[in-house]
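# Topology and contacts: notes
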Amino acid sequence: MKKKNRNVAIIGVGQSRFSSHREDVNQPELIHEAVTEALEMAGLTVDDLDCIVHGNMELFEMVHQPDLWHSLGMGAYGKEVLRITTGGTTGATIAAAADNLVASGLHDVVVAVGFEKLQEGHTTGGITNMNDPLWGRNLQTGALTGMQAEIMGLEFGPERARNAVMHYRIIMDKHAMLNDKAHRRLGLEFDQIEALTKNSPVLMGEMRMIDMCSQSDGACAVIFASEAVAKKHCAQPAWIKDHITVHREETFSIDTSGMTTQEMTHRYAARKLYERNGIKDPRREIDVFEMYDPSNWWGTDWLREFLLLEGDEHLRMIEKHEIAIDGSFPVNPSGGVIASNPIGATALVRVGEAALQVMGKAGAHQVPRPVNTALASGFGGTLWTVLFLLTREVPH
Amino acid sequence: MTDQEASVKHVFQTMESRVNAEAAAGLTASYGYRITGENGGEWTVTVKDGSVKVIEGLHDPQVVTTASDQDFLALNLGALDAMTAFSAGRIQVEGNMNLLGPAARLFKKYMPPGMEGVEEQREELIRLNQILSIPQTFSTGPIMGKFLKGLKDKRILANVCPQCGRYQVPPREVCAMCRVRVTEFREIGPEGALTIADIAYYASPDPLTGETRETPYAAAHFMLDGCVGGTFWHELNPADIPRARPGARVRPVWAENRTGSINDILHFEIVD
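Residues numbered from 1 in each chain as written. Chains lettered and ligands numbered in written order. Predicted model: local features only at pLDDT ≥ 70, side-chain atom pairs only at ≥ 80, totals over all residues.

## Brief notes about the overall build of chain B
If you tally the helices and strands in chain B, you get six helices and 13 strands. The globule rule puts the C-alpha radius of gyration for 272 residues at 19 Å, and the 26 Å found for chain B is more than 25% above it. On the principal axes, the C-alpha backbone points of chain B span a range of 85 × 40 × 35 Å. The buried share of chain B, reckoned over its 272 residues, is 29%. Across chain B, every contact between residues at least 6 apart in sequence was considered, and the portion connecting residues at least 24 apart equals 57%. (Helix = DSSP H or I, 4+ residues; strand = E, 2+ residues; numbered from the N terminus. Rg over C-alpha atoms; globule rule 2.2 N^0.38 Å. Buried ≥ 20, exposed ≤ 12 C-beta atoms within 10 Å, placed from the backbone. Contact = placed C-beta atoms within 7 Å.)

Below you can see the structure in the form of structure tokens.
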């Protein structure tokens, strides 16, 4: 296991209501909703916070250094504040930073704050500007791509692939229906698969609107505490066992063509994380997985990567509904990214939701079995993966 | 006290008086509405030269939205979110979907009868619209610069890794796999084969011009003749989209005036 100076746990998680437009609040107020809820859960006040780590998508709302504007909303007055932005993985990166800060001994209580108010900005313009200005920017089509659907259709046949991802989609929606905070709760049923597919407009290739995540406004706050503080304030903290970050900017354009022979970042990250934590059978040893799934195509494909599977094992898992909240390997009991995607907060919500599962505080979408080990992933930018391992037991 | 309730008919009756002049300016389009149910009906909203006309019936609209009377009213009262309803299949759209974007702010918020004044008094939300125009210049550096210069002469240059032999195009300072410096350039193509195409049906605004692109268009990867390991990322001629399949032979279509940029190649077309 990675050597850590001291243990860190999550003791509070707060989320604003996610919606397509939170016109009722400005950015600091939106963040305040999440921070207040996290503090309440942790039994702490703003004065107990030592440091704030803030993040969101670079310039998506066209506000430079928004952490300054958000000071009062996140209890940053007089505190140390760091701002980190790593694209879609931002939320998970700020979680990693918060964990590192507390583990280091520099701070005892750090809150990670992620947010996005997409209604106030321009998502596609923002994402497209991520690419190399001399070449890629003209070609990139924002976050939308039909390549995954194309590749999966070639491997499994378009019908089976489409059927599997629709099952994935509907399972995610059923989970979202259990989550008060979720943005999109559509009430979908499995007998609607044909109608939904046919009536959903194509966006890119075979990727249709029904397949894609939402664009949401929202904020998330997660409180990381030292072992001493955690044990004092929290009956069942969610302990950070480990986390890993992997990315592949240098092979981005090769990977999108499907031409790379390199191991995909998700698989590499999972393999390394399991190795160094003695996990031999992730499908059995992990009790719940909050996966960053921007579309059902990716969610389906990445199940294979994260669980180190081969062939069509992942399709069979989905076809048999093993990923449902009461299945053998629950995925995204919160509804995942397809239900709510306030980008800068999204990856943090994955970590937060995994923590809620370990803490037993997920309410109606609590997985109905003991959660000893939870996995959470972040994804973004140029194949950037962050993977978190949370445990019920104190790591030693 | 009102003797009339909010209704689908009232929504359409009040549309012309609720127009947002700035949203209507510069927009020319016709929107059809097919509202089903007891309290439904059909209407066409035409926007032209800054003015908006609402008439009953469907008169050749460019895009038609179908919804139940209940859902349509809920949408206008803010009780139902459009994207949610659309994704769940409760709203259907036929025709040019791209016209819906510009119409999003065409009308001020609908108020039920008797409440028209209330919204104006209550509405303190101040919205600031800004169009940013930022002039930018980027240095290419010698590696990318050599490649872009090559395009002016209708030459496509890749560089070759001394360790693994993989070609990179556009060329990069180091091999992405081996992380060693790459100095040898070789000309590839210009013809090749289509590897995979990403066909866009939904218009994303062009980040460099702010304009909405015409759809469908296709960003695609091509394995150019003589190239080993790396594909060339560019565009496929939209007219060739129906014929696009892995392995199709392609060649570049060069621009008349070449300046040393990605636009020196208009796109790749399929060769018969």
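## So, the overall build of chain A
What chain A contains, in helices and strands, is 15 helices and 11 strands. What you see for chain A is a C-alpha radius of gyration of 20 Å, in line with the 21 Å of a compact globule of 396 residues. With the principal axes as the frame, chain A shows a C-alpha extent of 55 × 45 × 40 Å. Looking at chain A as a whole, 59% of its 396 residues qualify as buried. For chain A, the proportion of contacts with a sequence separation of at least 24, taken over those separated by at least 6, is 80%.

## Let's talk about the packing of helix 5 (residues 147-156) of chain A against helix 12 (residues 296-306) of chain A
Two packed helices can be described by the angle between their axes and the distance between those axes. Residue and element names in this part refer to chain A. Between helix 5 and helix 12, whose axes approach to 9 Å, the crossing angle comes to 50°. Classified by the angle between their axes, helix 5 and helix 12 sit oblique to one another. Of the two possible hands of crossing, helix 5 and helix 12 adopt the one that is left-handed. The residues of helix 12 that touch helix 5, namely those facing Gln148, Ala149 and Met152, are Trp297, Trp298 and Asp301. Partitioning the contact of helix 5 with helix 12 into residue classes produces four nonpolar, one polar and one charged. (Axes fitted to C-alpha atoms, helices over the stretch in contact; angles between N-to-C directions. Parallel < 35°, antiparallel > 145°, perpendicular 65-115°, else oblique. Left-handed = near helix turned anticlockwise from the far one by under 90°. Nonpolar A, V, L, I, M, F, W, Y, C, P; charged D, E, K, R; others polar.)

## Remarks on the sheet that holds strand 2 (residues 41-48) of chain B
Residues and elements named next belong to chain B. The strand order 3-2-1-4-5 describes an open sheet built from five strands, whose pairing is mixed. Pairing within the sheet leaves two strands with one partner each, and these edge strands are strand 3 (51-56) and strand 5 (92-95). If you compare each strand with its neighbour and ignore which way they point, the axes differ by 20° on average. Taken together, the seven bridges between strand 1 (residues 29-36) and strand 2 define a ladder with antiparallel strand orientation. What sits directly across from Ser30, in strand 2, is Thr46. Here helix 3 (residues 69-76) sits on the sheet in contact with strand 1 and strand 4 (63-68), set at roughly 105° to strand 4. (Pairing = 2+ DSSP bridges.)

## A word on the domain arrangement of chain B
Domain boundaries assigned for chain B yield domain 1 (8-113) and domain 2 (141-270). Placing the centre of domain 1 of chain B and that of domain 2 of chain B at their C-alpha centroids yields a distance of 42 Å. (Domains from an automatic or database assignment.)

## Remarks on helix 1 (residues 8-15) of chain B
Every α-helix winds through 3.6 residues per turn, so residues three or four apart in the chain are directed the same way. Residues and elements named next belong to chain B. Buried within helix 1 are the following residues: Val8, Val11 and Phe12. For helix 1, the angular spread of the buried residues around the axis is 90°, confining them to a single face. Of the surrounding secondary structure, the elements contacted by the buried residues of helix 1 are strand 1, strand 2, strand 3 and helix 3. (Arc of directions from axis to C-beta.)

## Side note on the environment of Pro190 of chain B
Residues and elements named next belong to chain B. Note on placement: Pro190 falls in the loop between strand 8 (184-188) and strand 9 (192-200). Judged by C-beta crowding, with 19 C-beta atoms within 10 Å, Pro190 ranks as partly exposed. The spatial distance from the C-alpha of Pro190 to the C-alpha of Val250 is 8.8 Å, given a sequence separation of 60 residues.

## Some points on the pairing of strand 7 (residues 217-226) of chain A
Residues and elements named next belong to chain A. The element strand 7 is largely enclosed, with a buried count of 10 among its 10 residues. Both faces of strand 7 are covered, namely the face carrying Asp217, Ala219, Ala221, Ile223 and Ala225 and the face carrying Gly218, Cys220, Val222, Phe224 and Ser226. Both strand 1 (residues 8-15) and strand 7 contribute to a ladder of seven bridges, which runs antiparallel. Along strand 7, the bridge assignment pairs Gly14 with Ala221. Direction of pairing for strand 4 (residues 109-117) relative to strand 7: antiparallel, over a ladder of nine bridges. The residue bridging Val109 from the neighbouring strand is Ala225, located in strand 7.

## Comments concerning the confidence of the model for chain B
All names here are of chain B. Put simply, chain B has an average pLDDT of 87, and 90% of its residues get 70 or more. Across chain B, element-level confidence peaks in strand 12 (residues 249-254) with a mean pLDDT of 97 and bottoms out in helix 5 (residues 116-122) with 58. Predicted complex, confidence summary: ipTM 0.82, pTM 0.84. (pLDDT = per-residue confidence, 0-100.)

## A few points about the sheet that holds strand 8 of chain B
All names here are of chain B. Within the open sheet, the three strands sit side by side as 7-6-8. Their pairing is antiparallel. The sheet is open, and its two borders are formed by strand 7 (167-168) and strand 8, each paired with just one other strand. With two bridges joining them, strand 6 (residues 156-160) and strand 7 adopt antiparallel strand pairing. Note that in strand 7 the partner of Asn159 across the bridge is Gln168.

## Brief notes about unusual backbone geometry
Leave glycine aside and you will find that most residues have negative phi; peptide bonds, for their part, are mostly trans. The amide bond that connects Gly189 of chain B to the next residue, Pro190 of chain B, takes the cis arrangement and shows omega of 5°. The step from Thr215 of chain B to Pro216 of chain B runs through a cis peptide bond, and the omega angle for that step is 0°. Here Gln65 of chain A, not a glycine, exhibits a phi torsion of approximately 50°, which is positive. Summarising the element assignment, Gln65 of chain A is placed in the loop between strand 2 (51-55) and helix 2 (66-69).

## Focus on helix 5 of chain A
If you check which residues of helix 5 of chain A are buried, you get Met147, Gln148, Ala149, Glu150 and Met152 of chain A. At the exit of helix 5 of chain A stands Gly157 of chain A, carrying a positive phi of roughly 90°.

## Overview of the environment of Leu139 of chain A
By secondary structure assignment, the location of Leu139 of chain A is in the loop between helix 4 (123-128) and helix 5. Note: C-alpha distance between Leu139 of chain A and Pro201 of chain A (62 residues apart in sequence) is 22 Å. With near-sequence residues (within four places) excluded, Leu139 of chain A lies in contact with Ala219, Trp233, His234 and Glu235 of chain B.

## Overview of the environment of Leu196 of chain A
Looking at where Leu196 of chain A falls in the secondary structure, it is placed in helix 7 (residues 193-199). Placed 13 residues apart in sequence, Leu196 of chain A and Met209 of chain A show a C-alpha to C-alpha distance of 9.8 Å.

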